[in-house]
Structure formats: C-alpha cells, structure tokens
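One-letter residues, chain by chain:
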Amino acid sequence: MIESLLVANRGEIARRIIRTGRRLGIRTIAVHSEADGGLPFVTEADEAVCVGPANPAQSYRNADAILDAARSTGAQAIHPGYGFLSENADFARTVEGAGLIWVGPGADAITAMGDKINARNLMAAAGVPVAPGTTEPASDLDAAVAAAAGIGYPVMVKAAAGGGGMGMGVAADEAALRTEYDKVRAFAERMFGDGSVLIERYFPRVRHVEVQILGLADGRVVALGERECSVQRRNQKLVEESPSPAVSPELRERFLAAAVRAGEAVNYRNAGTVECLLDPSTQEFFFLEMNTRLQVEHPVTEYVYGVDLVEEQLRVAAGLAPTFDPDALAPRGHAIELRINAEDPKRFLPGPGAITTWNEPSGTGVRVDSGYVAGNTVTPFYDSLMAKLILTGDTREEAVQRARAAVAQFEIVGPKCNLPFFAELLENEEFLSGDYDTGIVSRMR
C-alpha cells in the first residue's frame, strides 16, 4: 500500500481522504492556502504545507507549488480529490513524470473524456446511447443555427470543455439560440480557455442519473450502482440518492452495462462517474458526460455497496486488488446525501461568513462529512459547500425520516445556510413520491 499521500485539495473532501489514509496507516500531507490555515483538514493531517494565497490559481491550482510540497515532504502519491487539478491531464502527467503515484485515472482517459464532443463521439462508437447532437464544435453562430434546425428545438447549448453544470444554456427557438450561443461561448473562453460549443437535444422533463465505475488494477471495469442527482439548482446538484427511485432492476442492468462499456472504451482505471439523462416517459437514457475523478456524492454509493471508495482508489493506484469481490456486487438499503452550502435557501446565492455555532447531528444512519467547525470562516474564495449530510436506512422511507430529524438537529449560525430548503424538500410530495425530475427546485420556488 502507499505509505505517504499528499492531498491536493481542501475542506470536507481533504478531510475525508485524510480519514481513510489514517485508518490505513498512511502518512498524510495537507496543502492549504493562506485563507484555510485554520480549517480542520490542516490540523488533522500528519503534516501541512501552505502553498499560496487565497486565490485558487495561486494555491490549489498552482501545480508547481503542489509538486514542490510533495517533494519537500517526501510524499509518495498525490490524491487530487474533486475540482481544482483533479481533471487536469497535464497535471496528472507531470505527477507521474516526477516519479509520484497519481491517485486517479490515466491522463489519456482524462483527456479523452474532458472534451464533451470527443467524449460523445467515443461513447457512440462504444455503443453507449447519446442524445441527438453535434459531432463537432459549432464553429460559429450560423453553424449552431443549422445544427439546431436538424436536431429540433429546444436545444441545449454547452461548453465542450465545461463541467460541474457550468457553461450551459437552453434555447427554445432560433432567437434564443443566438443569445445563448454568444453567452456560452464567451463564458467558456473565460472559464475554460476553450470557446468550443456543442448543440444537443434538450429534454424538458428529464432525470439526472449517474453510475459509479471503478477501473481495477487488473484492467477490469466494474459498476457500483447508480445515483439519482435530479434535485439541482442552476444545473448543480443539491441532493443525491442511491438507488434511484426511477430505476427498475431491468433498467439498472442497462445503465450499468453502458457505464462499463464507457470505461472500457478509454481503458479506464480508478474511480469515475458516467453521467446520463433519463427520459422518464420512455425509459431511454443518454450519455451526458464522464467525470474522471471521485464525486462529491460518493458516500451514498459507499453505504449501498459497503465499500470505502477512497481506499479502493488507493489500492488501484498501488496496483492492488479491491477489497470486494467484483463478481458479487449488490446494493443494500438506501442512502441520501444533502449538500449543506453557505447560501441563502431561497435564491441560493452565496452567503459566506464566520461560523459562531456548529452542532452536527448524530445517531443511527447519520454521517456528516464536514469541512468546518465553530470558529472557522467560510470565505468567498471557494465553493460554498460546508458539509455533506448523509442519511441511510433499510428503505428510502427510513432514510427520509432520518434526514428530517438530522436537518432539524443540524445547527449552523453565522454564514447563510440552505438547511431550511432541505426541511422544505423533505416534506415535498413530489420528492417523497420519488417521481421527480430536474425541474423540482424551480417548481418549489
């Protein structure tokens, strides 16, 4: 097993990785910005190195500073978590070129799946269903208009290099397309350094369902079930659950088989997620994108399949067999994750601030993956995620009951917080029925 691990991330995910490292007897090294020096992940690691100012470009996205920290501390491996440098193929190559172990998929797989158009084409060739759309970037507005006419309105306008729900717009007609195309292209150039845009069919009522895959050290790719991710605001997830209440055993088999084919098409190793759109009226699903990293919502899969995905990542990176039998994977029980963000519960606008009170819920079926404690400050420099509240039970109903109690018990004072939204959601008849889609939040607001 790996003996020393640098965690190139912050907050709850850094703390989460450090926890598994400590259990396995691995020496853990945290890197942090000047703004994050007082957060729990820094003190919980065996060693910590400040890598720069609060600006992520000068700290958590500063590849040279991260590598210098790895060299100075004698780290054997680097785990990137999610976000920041986690899906940066050049960084992965540089890490391996420096003689370190990269805890993630190979750089070639990151590159292949990082461009949405290239990924769509690869998936289509591998027999994975893809939504009607362009097979190459819409080079200009006229090309986008022509593509949309062939696909049929409404269409989704997407940044080819985008991710995390960013760089997307919906056009119901040509006039809207002309506006959205320019908007998405400008955003993509600014955020991703790549203004390439694709056009694909937009489904007014759709569910967002993803499959957790793991490429093993022996070359096999296995699927560890699906997650429902349809509770979203601005195309970004707020709630995830597994199994999906929309997925029958027969549909699950098709989902998992397609996800395995997706991984095999790029010789995938380590943890990854194949994201899809599901048309609930036809039970058809379409490839959306592949996230070549550990997902924020991985804990719900950990419960339902009885694995520690971070440990499995480390084992794959070290060339070791998994702790589980790949031929005997089966779901049990139900898990729901709520993303506790520093944002107002109505409009979901960020609301950073100093935390004066932080009391976490506890009890049977309650897990909290948090990045903060009382006395810390949620700064405006990073994502607003403060904690993940994970509720489990033998049934979905039991998990929901525990979620209600845990949300009521969770006390956060200082920054704005979306806990009141979850209290509302957990009484919403549409959510409770399980028959909801990506429009549920907008209907609640």
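These numbers were taken from a predicted model, which means no experiment stands behind them.

The rules behind the values
- Residues numbered from 1 in each chain as written.
- Predicted model: local features only at pLDDT ≥ 70, side-chain atom pairs only at ≥ 80, totals over all residues.
- Heavy atoms only, no water.
- Helix = DSSP H or I, 4+ residues; strand = E, 2+ residues; numbered from the N terminus.
- Buried < 20%, exposed > 50% of the residue type's maximum accessible area, 1.4 Å probe, protein only.
- Polar contact = N/O pair within 3.5 Å; in protein donor to acceptor, adjacent residues only side chain to side chain.
- Contact = heavy atoms within 4.5 Å.
- Pairing = 2+ DSSP bridges.
- Axes fitted to C-alpha atoms, helices over the stretch in contact; angles between N-to-C directions.
- Core = buried A, V, L, I, M, F, W, Y, C linked by side-chain atoms within 4.5 Å.
- Phe/Tyr/Trp six-rings, centres within 6.5 Å; stacked < 30°, edge-to-face > 60°.
- Salt bridge = Lys/Arg side-chain N within 4 Å of Asp/Glu carboxyl O.

Student: Before we move on, could you go through the side chain of S59 and cite the residues and values that matter?
Tutor: With respect to the element layout, S59 can be found in the loop between β3 (47–52) and α3 (63–73). Looking at S59, the relative accessible area reads 0%, which means it is buried. At a separation of 3.1 Å, a polar atom in the side chain of S59 contacts the main-chain carbonyl oxygen of N55. Once residues within four sequence positions are removed from consideration, S59 is found in contact with S33, V51, G52, P53, A54, I66 and Y382.

Student: Talk me through the sheet that holds strand β7 (residues 168–171); I want residue IDs and the actual numbers.
Tutor: What the three strands build is an open sheet, ordered β7-β6-β8; its pairing is antiparallel. In this open sheet, the two strands that pair with only one neighbour each are β7 and β8 (197–201). In this sheet, adjacent strand axes meet at a mean angle of 25° when their direction is disregarded. Both strand β6 (residues 155–159) and β7 contribute to a ladder of four bridges, which runs antiparallel.

Student: An account of the nonpolar core is needed here, citing residue identities and associated values.
Tutor: Ranked by internal contacts, the top residues of the largest apolar core, which has 73 residues, are V231, L338 and I340. Setting aside chain neighbours within four positions, we find L338 in contact with L238, V239, A387, K388, L389, L391, V407, F422 and L426. Listed in part, the 28 residues of the second largest apolar core include A109, A246, A258 and V260.

Student: Please give an account of the pairing of strand β14 (residues 334–341) that cites residues and values.
Tutor: The element β14 is largely enclosed, with a buried count of eight among its eight residues. Here β14 shows no split at all, with H334, I336, L338 and I340 on one side and A335, E337, R339 and N341 on the other all buried. Strand direction decides the pairing type here: strand β11 (residues 236–242) and β14, joined by four bridges, are antiparallel. Across the sheet, E241 pairs through a bridge with I336, a residue of β14. As paired strands, β14 and strand β19 (residues 385–393) are joined by eight bridges and run antiparallel to one another. Each residue of the ladder has a partner; that of A335, found in β19, is T392.

Student: Give me the packing of aromatic side chains: which residues, what numbers.
Tutor: Using the criterion set out here, one finds eleven aromatic pairs in the structure. Taking 6.0 Å as the distance between ring centres and 75° as the angle between the ring planes, the aromatic pair formed by F187 and F192 counts as edge-to-face. F187 gets classed as partly exposed once you look at its relative accessible area, which sits at 23%. For F192, a relative accessible area of 26% corresponds to the partly exposed category.

Student: Any chance you could break down the pattern of salt bridges for me, citing the residues and the numbers?
Tutor: For the structure on display, the rule yields 40 salt bridges. Between E44 and R15 there is a salt bridge, with its nearest N and O atoms 2.9 Å apart. Taken as a pair, E44 in helix α2 (residues 40–44) and R15 in helix α1 (residues 11–23) lie far apart in primary sequence, 29 residues in all. On the basis of relative accessibility, which here comes to 17%, the residue R15 falls in the buried class. Its salt-bridge partner being D308, residue R16 comes within 2.8 Å of it at the nearest N-O pair.

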